[in-house]
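Survey of secondary and tertiary structure
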Amino acid sequence: MNERETFLDKLRAAATCAVVMLHTVTGVMDNTDMNLYPFEKKVFLVTLDLVCWCVPVFLIISGYLFLNPQRKISAANILKKYCRRILLALFMFGVPYACMEQVAAEGCFRWDMAGKAFLMVLRGQSWSHLWYLYLILFLYLLTPALRWALFRVPRQAVWGFLGMLLTGCSILPYLTRLFGAEGIPVLPDGCIYLFYYVCGYLFVTGKQGGNRENGWEKRLPVLTALLAAAMACSRLSGGYTLQMAYNYPFTVLLALMLFRWGTRSGAEQGGFWRQASAMGFTVYLIHPLFLNLAYKFFHVTPLSLPLGISLPLFFTGVLLLSAAGAWILRKIPPMRKYVL
């Protein structure tokens, strides 16, 4: 395993852990009036700020791999292999999840629920975490056109395009919400996902071009820690409660810094990281099952106990159960080959 693959595996494994923590927190916040829990709300906001880099890093990794000029990948290959995998995962997991949601709502199971669940997946109405599969499917379909365009325009033009996306769908929306300004034209929030994906192209081509390390990059660990600390401190006063999705400017910066830091890791044997990374997609697919069982069926959440105990307990328990479930599912050859 070469250096590039090892650092990508480390980032995937870390991002998988972060997304489990993310959903552990949002699973509570999205269904609770957090104004009744002011201290817990602060802790949750700090936690979200420190883990929301996970989805951006997943997208940068995808761009790093699929937009790599040295990688031969055809439109047919994208459709037959990668898009098929996402579609199979959507229906094999999304339909049972949609059925479970109906059973939880009605207290019984009927056979017509399966057909309704299938339609729910087509409409994007299964469990919320599957939104990422619809997104990555769209980016896969866009990849042949992106590769064609990126390989033919100057690097400066790519930087300009990314600057436009960052300004229009991250910086300006942030300033608009922060100062309550109205009438400022902005891009849709979803454009930030294209920004992350194309950033992967800049990272991989920069590395292939042998870009020399700048002085500030040697201080990346310290700078990244300072940024994370500043993001956490901004929430502790209680007056700053502004929330954005993955286009939050500081989340953007943190994700880019973490990825760049990852590219600087030295070459090493990565057997453990490769195995952990390989289970990441399956852990992503199944971890909400355990959260939903706890939150919706047993009515136990991190708010049921002091957060210092409950949050690490829920996170560790869900992560371990998901890893065990992923290990079992990946032992099924068709699942491992075509879906996971």
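A brief look at the structure comes next.

Broken down by element type, the protein carries 14 helices and zero strands. Shown N-terminal to C-terminal, the secondary structure of the protein runs as helices and strands in the order α-α-α-α-α-α-α-α-α-α-α-α-α-α. Over its C-alpha trace the protein gives a radius of gyration of 21 Å, about what one expects of a compact globule, namely 20 Å for 340 residues. Counting only C-alpha atoms, the protein reaches 60 × 50 × 45 Å along its principal axes.

Now for a nonpolar patch on the surface. Side chains of Ile171, Leu175, Leu178 and Phe179 sit close together on the surface and give an oily, nonpolar patch of about 350 Å² of accessible area. Examined against the element boundaries, phenylalanine 179 turns out to sit in helix α7 (residues 155-179). By relative accessible area, which is 63% here, phenylalanine 179 ends up exposed.

The next point concerns unusual backbone geometry. One non-glycine residue, histidine 299, lies in positive phi territory at about 55°. Looking at the secondary structure, you find histidine 299 in the loop between α12 (280-297) and α13 (307-329). With relative accessibility at 61%, the residue histidine 299 sits in the exposed group.

As enumerated under the stated definition, the model contains zero disulfides in all. No disulfide involves cysteine 199; its sulfur sits 10 Å from that of cysteine 169, the nearest cysteine. Between cysteine 233, a cysteine without a disulfide, and cysteine 52, which holds the nearest cysteine sulfur, the sulfur-to-sulfur distance is 18 Å.

A separate point is the pattern of salt bridges. In the structure shown here, the tally under the stated rule is four salt bridges. Between arginine 235 and aspartate 49 there is a salt bridge, with its nearest N and O atoms 2.7 Å apart. In this pair, arginine 235 is assigned in helix α9 (residues 220-236) and aspartate 49 in helix α2 (residues 38-51), connecting sequence segments 186 residues apart. In this pair, the class of arginine 235 matches that of aspartate 49, namely buried. Put simply, aspartate 189 and arginine 177 hold a salt bridge, and the shortest N to O gap is 3.2 Å. Of this pair, aspartate 189 sits in the loop between α7 and α8 (191-208) while arginine 177 sits in helix α7; the two residues are 12 residues apart in sequence, bridging distant segments of the chain.

Criteria and thresholds
- Residues numbered from 1 in each chain as written.
- Predicted model: local features only at pLDDT ≥ 70, side-chain atom pairs only at ≥ 80, totals over all residues.
- Heavy atoms only, no water.
- Helix = DSSP H or I, 4+ residues; strand = E, 2+ residues; numbered from the N terminus.
- Rg over C-alpha atoms; globule rule 2.2 N^0.38 Å.
- Patch = residues over 30% accessible without salt bridge, like charges linked within 9 Å, V, L, I, M, F, W, Y side chains within 5 Å.
- Areas by Shrake-Rupley, 256 points an atom, 1.4 Å probe, with all protein chains shown as cover.
- Salt bridge = Lys/Arg side-chain N within 4 Å of Asp/Glu carboxyl O.
- Buried < 20%, exposed > 50% of the residue type's maximum accessible area, 1.4 Å probe, protein only.
- Disulfide = S-S within 2.5 Å.

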